[in-house]
Amino acid sequence: MDINPVTILLVEDNEGDVGLVEEVFEDAKIRNILHVAEDGEEAMNFLHKKEPFTKVPTPDIILLDLNLPQKDGREVLEEIKTDEDLKRIPVVVLTTSKAEEDILKSYDLHANSYITKPVDFDQFIKVIRSIEDFWLEVVRLPSSKK
Amino acid sequence: MINEEFSNNECNNKPKKNLIRSNAEWENTFNALHDLIAIIDVNHRIKKVNKAMADRLNGKPEDFTGHTCFSLVHGTDLPPDFCPHSELLEDKKYHEKEIQIESLNGCYSVSVSPIFNNNDQFMGSVHVVKDITERKELEKSNNLLAAIVESSDNAIIGKDLNANITSWNKSAQKMYGYPSDEIIGKPISILLPTNLENDIDQIMEKIKNGESLKHYDTLRRRKDGSLIDVSLSVSPIVNIYGKVIGVSTIAHDITERKLAEKRKQELLESEQLLSEELQTSNEELQCTTEELRVANEELIDQTIELRDVNQALSENEEKFFKVFHANPAPMTISDENKFIDVNESYSKLTGYSRDELIGHNTAELNILDVNEREQYLNKSKEDGLINDIEFEMNTKFNEKRIITSSSEIIKLNGKTRFISFNYDITERKQAEAELNKYREQLEEMVEARTFELEQTNNSLNQSKEHYLTLFNSIDEGFCTVEVIFDDNNNPIGYRFLEVNPAFENQTGLFEAQGKLMRDLAPDHEEHWFEIYGKIALTGKPMRFVNEAEALDRWYDVYAFKLGGDESREVAILFNDITKFKKSENALKLSNIYNRSLLEASLDPLVTIGPDGKITDVNNSTEVATGFSRDEIIGTDFSDYFTEPNKAKEGYKQVFKEGFVKDYSLEIKHKNGQLTPVLYNASVYKDDSNNVIGVFASARDITERKEAEKVLKIRLDELARSNAELEQFAYVSSHDLQEPLRMIASYLQLLERKYKGKLDAKADKYINFSVDGATRMQNLIDDLLAFSRVTTQADELKPTDLEPIYTEVLSNLEVLINENNAILKHDPLPIIIADKTQISQVFQNLINNAIKFRSEEQPKINISVTEKDNQWLFAVQDNGIGIDPKHSDRIFEVFKRLHKKRDYPGTGIGLAICKKIIERHGGLIWVESELGKGSIFYFTLPK
């Protein structure tokens with residue numbers, strides 16, 4: 001079975017976080033292609049394959065930060081989960097907020113999971129690895145590219 | 001005659017000498033008495049009244065004699081219940097009463113003394129009536145003012161200039177705990193707390209300078225030692241001459257206000273604390289007979305005349321026995337059966353001619369009735385004569401005439417004949433009849449007048465007795481003096497000639513008779529000599545009120561001259577009115593005092609009648625409204641407020657419920673300025689307990705309103721700043737953490753990637769940096785949790801503590817097991833709380849109890865006690881304890897007592913507990929000693 005690389009869309013405006021995530025996925029067990037959208041607008045364009053993303057693949061999983069410039073992460077989440085074509089894509093909210101209201105809001109909008117970014121880098125690696133393990137290896141996802 | 005009677009009396013009664021020489025002097029004196037005097041008999045009928053009484057009854061003294069006193073004065077058919085005379089009739093003793101007499105429109109003191117005549121027979125009484133209306137009015141007005149002072153719910157305290165308490169109303173008793181009989185006369189300093197002893201000296205100094213003190217907020221000490229917050233208005237009490245004679249203090253209990261201020265202050269402080277706590281960097285935030293006698297004499301003269309006429313008539317009758325025919329008297333000569341002859345007069349009398357008569361008898365002619373004729377004839381035959389028989393005859397013309405007939409048997413020509421003499425007395429009879437009638441009438445009248453005269457005489461005699469009784473029974477002093485003049489006819493003194501029994505009592509001078517006033521009272525003022533000298537010289541009577549300082553008395557005096565021009569004697573009737581004068585002055589003073597208390601009040605005071613019209617105001621009301629007292633009195637109370645209807649409702653409520661408290665209104669000044677006030681008002685009553693008006697006192701709350709306004713602005717600011725802080729807290733969760741995470745993560749990444757390529761020092765630095773960043777993040781998390789106690793709070797609901805406790809134990813299971821801790825607890829109640837928060841309190845306290853354990857096995861006991869309206873919880877441990885000097889500090893944010901290494905944590909746990917307990921309306925504190933464990937107490941309202 002040929003294993004196609006997994007397509008991951010990371011919606012994150014903080015370059016530092018982007019760097020950390022990239023760092024972790026570089027050493028991932030499975031092949032993956034990490035795409036990064038730096039704000040909500042760009043993320044939606046990516047998903048709707050608008051310019052300049054006409055040629056990108058539909059991601060297998062979306063890692064979404066809540067506090068984003070322009071279009072906020074919560075709006076992005078709502079749009080994805082109300083879009084017939086996109087709602088099946090697992091969205092993992094990856095944020096620094098530990099606020100109860102953010103957690104409740106996210107699940108109300110049908111986020112698939114909510115993870116707070118740990119401060120400790122080792123913890124961070126663990127978290128990303130567990131995302132990888134769970135969402136990319138354990139869980140069966142609807143096949144988008146059949 | 002009159003004087004003789006008095007001489008008799010002298011033997012029985014007290015005066016050693018006859019004081020009054022003539023009836024006229026008696027009358028003069030009697031009528032000069034200022035008091036209203038009436039002499040009343042045993043049937044309540046007035047025998048005599050004096051001029052003063054008659055004037056009061058609007059008539060002359062003689063008008064009232066014979067009337068009953070009750071019909072005259074009270075307008076009733078029977079004596080009223082309170083009639084002192086009725087009581088005197090019962091026991092024949094002195095009585096005195098104060099009576100309200102409606103018809104005389106006033107109040108009177110009535111004293112009655114019994115009168116006995118020479119034979120010790122009870123005759124009636126002397127009434128001495130004094131008008132005390134003015135005094136009563138004064139008393140009433142004074143009572144009214146006093147009632148107002150008494151009913152005020154401010155403490156009203158009067159002091160003299162030595163700061164000793166002179167008056168003390170009910171509210172003062174209530175406020176300070178001292179009853180008035182206990183505190184009056186004591187120095188005001190009794191009310192001062194120890195640290196404010198100099199307070200009163202400063203206040204007194206100001207008052208003596210005529211200044212007032214307005215709304216001075218201070219502390220005073222109650223009888224029980226407790227302190228009370230009061231607001232004082234202190235003003236000088238000024239007498240009629242404008243001199244400061246005392247001090248009035250009006251104290252208002254402001255405990256509640258102070259408490260409210262304190263609470264507000266606390267609120268402010270706690271809010272400020274939060275702001276300070278959260279914004280160490282943000283940093284700024286801030287909390288009430290003669291004619292009858294003549295007629296009588298005329299009648300007697302007429303009677304005598306009539307008697308003379310009668311006698312003359314009898315003499316005329318005798319002239320008729322001489323000549324028969326020529327006799328003008330009707331004569332007849334007859335035998336037994338018929339007239340033999342008649343004279344012309346007879347013919348005229350009967351109407352028959354002589355021929356018609358002769359040969360017939362009276363019966364045949366129907367002049368006399370047959371039987372009557374037979375009767376006369378028989379009587380003539382038997383007696384030989386008849387004299388003056390009166391009979392009624394009929395004339396030829398059938399007229400009835402009354403005849404008086406006398407007949408005699410005579411031998412006329414040897415034959416027995418009857419000669420009779422008839423006289424027509426018809427007219428005389430009629431005249432006699434009328435005269436008799438008239439005489440009878442006259443006699444009756446004479447009899448009646450005689451009786452009346454006797455009566456009058458009697459009563460005049462009795463009056464003399466009455467006078468004497470009067471002068472023995474009245475309280476008024478009476479004396480006669482001889483005024484002594486020097487060579488220049490200037491009066492230089494007087495000698496007492498006679499004095500009455502009351503004299504001693506009235507003057508305090510004993511055995512004065514025969515002595516000089518100067519000897520009796522060397523300091524007696526000159527003006528007394530001058531007055532009596534003037535009366536003795538001019539003969540003009542005088543009435544006056546004057547003070548005799550040497551006797552220390554006031555007198556109401558009526559003095560008049562006795563004797564002729566050369567006489568230098570004066571009669572003096574006087575009454576000691578010192579008591580009245582003093583009580584009048586005392587009442588006036590008391591009135592001034594009460595009035596000045598009210599005027600001294602800086603609060604606007606008003607009294608309102610049942611019709612809503614203002615009846616009186618004090619100076620403060622004039623100030624608040626801009627209108628003068630005269631302008632205000634009589635106007636509608638509601639006219640002076642921005643909301644007239646609310647003002648009306650207010651006083652109506654007072655009439656209905658008896659009072660109102662803190663009734664908010666706004667006084668409108670003439671110039672438009674508004675004063676927000678709180679009214680305290682209550683009804684006030686007259687002596688008979690009838691509600692006669694409302695007394696209302698307003699308190700200017702402008703300052704308080706302003707303070708409230710400022711406070712509100714402050715609170716709004718705080719609310720806004722709170723909201724900002726919330727935002728700040730939220731932002732902290734992201735924006736502060738983000739960079740921290742970057743720092744930590746990349747340092748670690750650096751370490752990972754370049755391990756071995758850096759030296760050991762570099763690795764250590766990276767560790768410190770990562771640790772610092774981690775701690776910084778924990779601090780931010782805890783601060784966030786602390787701010788969420790108020791910002792993210794749930795409502796307070798009945799909450800069962802048992803399940804919460806169980807949950808807490810379960811959360812701490814690991815810690816409990818690791819430390820082998822033993823936990824015990826009382827049955828826990830259901831309380832009103834935020835479940836999550838109260839759970840956190842238990843968790844934090846138990847966690848601390850285990851964390852700060854000693855060497856011993858941790859033993860933790862949780863107890864609950866019910867106290868008044870709250871629960872008292874105690875969490876006791878046997879841990880390391882806390883030095884008491886730190887017992888406050890430990891509840892502050894991020895305050896730690898130990899090194900992080902020994903006891904990890906940020907130091908936010910107890911600060912959060914304190915914040916939660918305070919939000920629930922409770923208190924939290926610790927009792928502890930180093931090495932002896934700690935007990936954390938907290939309370940929660942039930």
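Residue numbering note: each chain is counted from 1, following its sequence as written. Chains and ligands are labelled by the order in which they are written, letters from A for the one and numbers from 1 for the other. Side-chain atom pairs in this predicted model are given and counted only at pLDDT of 80 or more, local residue features only at pLDDT of at least 70, and totals for whole chains, interfaces and linings cover all residues. For the side-chain quantities, the full set of heavy atoms in the structure was used; hydrogens and water were omitted.

## Focus: the overall build of chain A
- Only DSSP runs of H or I with at least four residues qualify as helices, and only runs of E with at least two residues qualify as strands; both kinds are numbered from the N terminus onward. Secondary structure summary: chain A contains five helices and five strands in total.
- Going residue by residue from the N terminus, the α and β elements of chain A occur as β-α-β-α-β-α-β-α-β-α.
- A simple rule labels every residue: compare its accessible area, found with a 1.4 Å probe on the protein chains alone, to the largest value its type can have, and call it buried under 20%, exposed over 50%, or partly exposed in between. When burial is assessed residue by residue, chain A has 53% of its 146 residues classed as buried.
- Whether two residues are in contact is decided by their heavy atoms: any pair within 4.5 Å suffices. Across chain A, the fraction of contacts at a sequence separation of at least 24, relative to all contacts at a separation of at least 6, is 66%.
- Computed by Shrake-Rupley with a 1.4 Å probe, the accessible areas treat only the displayed protein chains as cover when residues are assessed. Entry remark: accessible area of chain A is about 7300 Å², with carbon and sulfur atoms responsible for 49%.

## Describing the overall build of chain B
- Looking only at helices and strands, chain B features 28 helices and 32 strands.
- Surface summary for chain B: the accessible area is close to 50600 Å², and the carbon and sulfur share equals 49%.

## Observations concerning helix α22 (residues 644-657) of chain B
- A helix is expected to span 1.5 Å for every residue after the first. An ideal rise of 1.5 Å per residue puts 20 Å on 14 residues; α22(B) measures up with 20 Å between its terminal C-alpha atoms.
- At the exit of α22(B) stands B:G658, carrying a positive phi of roughly 95°.

## Considerations on the sheet that holds strand β2 (residues 46-49) of chain B
Residue and element names in this part refer to chain B.
- Strand pairing is defined by DSSP finding a minimum of two bridges between the two strands. In space, the five strands of this open sheet follow the order β2-β1-β5-β4-β3, with antiparallel pairing throughout. Edge positions in the open sheet fall to β2 and β3 (95-101), since each of these has one partner strand only. Pairwise comparison of adjacent strand axes, ignoring direction, gives a mean angle of 25° for this sheet.
- In the sheet, strand β1 (residues 36-41) pairs with strand β5 (residues 122-131) via six bridges, with the strands oriented antiparallel. Among the inter-strand pairings, I37 is bridged to a residue of β5, identified as V128. Between N-to-C directions, angles span 0 to 180 degrees; the directions come from axes that are lines fitted to C-alpha atoms, helices contributing only their stretch in contact.

## Section: a negative patch on the surface
- Candidate patch residues must exceed 30% relative accessible area and have no salt bridge, after which like charges are joined if within 9 Å and Val, Leu, Ile, Met, Phe, Trp or Tyr side chains if within 5 Å. Between Lys or Arg on one side and Asp or Glu on the other, a salt bridge is scored when a side-chain nitrogen of the former is within 4 Å of a carboxyl oxygen of the latter. Just so you know, the count uses Lys and Arg for positive and Asp and Glu for negative, and it drops His and the chain ends. Charged groups are reduced to one reference atom each: NZ for lysine, CZ for arginine, CG for aspartic acid, CD for glutamic acid. On the surface, B:D153, B:D253, B:E256 and B:D662 cluster together into a patch of negative charge.
- Among the secondary structure elements, B:D253 is positioned in strand β10 (residues 244-253).

## Quick notes on the confidence of the model for chain A
- One number per residue, pLDDT, summarises how confident the predictor is, and it ranges from 0 to 100. On average, residues of chain A score 85 in pLDDT, and 95% of them are at 70 or above.
- The weakest mean pLDDT in chain A belongs to helix α5 (residues 121-138) of chain A at 84; the strongest belongs to strand β3 (residues 61-64) of chain A at 92.

## Some words on unusual backbone geometry
- Along the chain, A:E51 connects to A:P52 via a cis peptide bond; the corresponding omega equals 0°.
- In this fold, A:P52 is placed in the loop between α2 (40-47) and β3.
- The backbone of B:A163 sits at a positive phi, close to 65°, despite the residue not being glycine.
- Here B:A163 lies in the loop between β6 (155-159) and β7 (165-168).

## Description of a nonpolar patch on the surface
- A surface patch of nonpolar side chains, amounting to about 260 Å² of accessible area, comprises B:L750, B:Y754 and B:L758.
- Along the chain, B:L758 falls in the loop between α23 (702-753) and α24 (760-791).

## Describing the environment of B:P827
- Mapped onto the elements of the fold, B:P827 is located in the loop between β27 (822-825) and β28 (830-833).
- For B:P827, a relative accessible area of 68% puts it in the exposed group.

## Some words on the packing of α2(A) against helix α3 (residues 73-82) of chain A
All names here are of chain A.
- The interhelical angle for the contact between α2 and α3, taken along N-to-C directions, is 20°, at an axis separation of 9 Å. Compared by their axis directions, α2 and α3 come out roughly parallel. Read as a crossing pair, α2 and α3 show a hand that is right-handed. Judged by residue contacts, G40, A43, M44 and L47 of α2 engage V76, E79 and I80 from α3.
- When residues are sorted by character, Ala, Val, Leu, Ile, Met, Phe, Trp, Tyr, Cys and Pro go into the nonpolar class, Asp, Glu, Lys and Arg into the charged class, and all the rest, Gly among them, into the polar class. Grouping the amino acids of the contact of α2 with α3 by side-chain chemistry returns five nonpolar, one polar and one charged. Each angle gets one of four labels, with under 35 degrees taken as roughly parallel, over 145 as roughly antiparallel, 65 to 115 as roughly perpendicular, and the rest as oblique. In a left-handed crossing the near helix is turned counterclockwise from the far helix by less than a right angle, and in a right-handed crossing that turn is clockwise.

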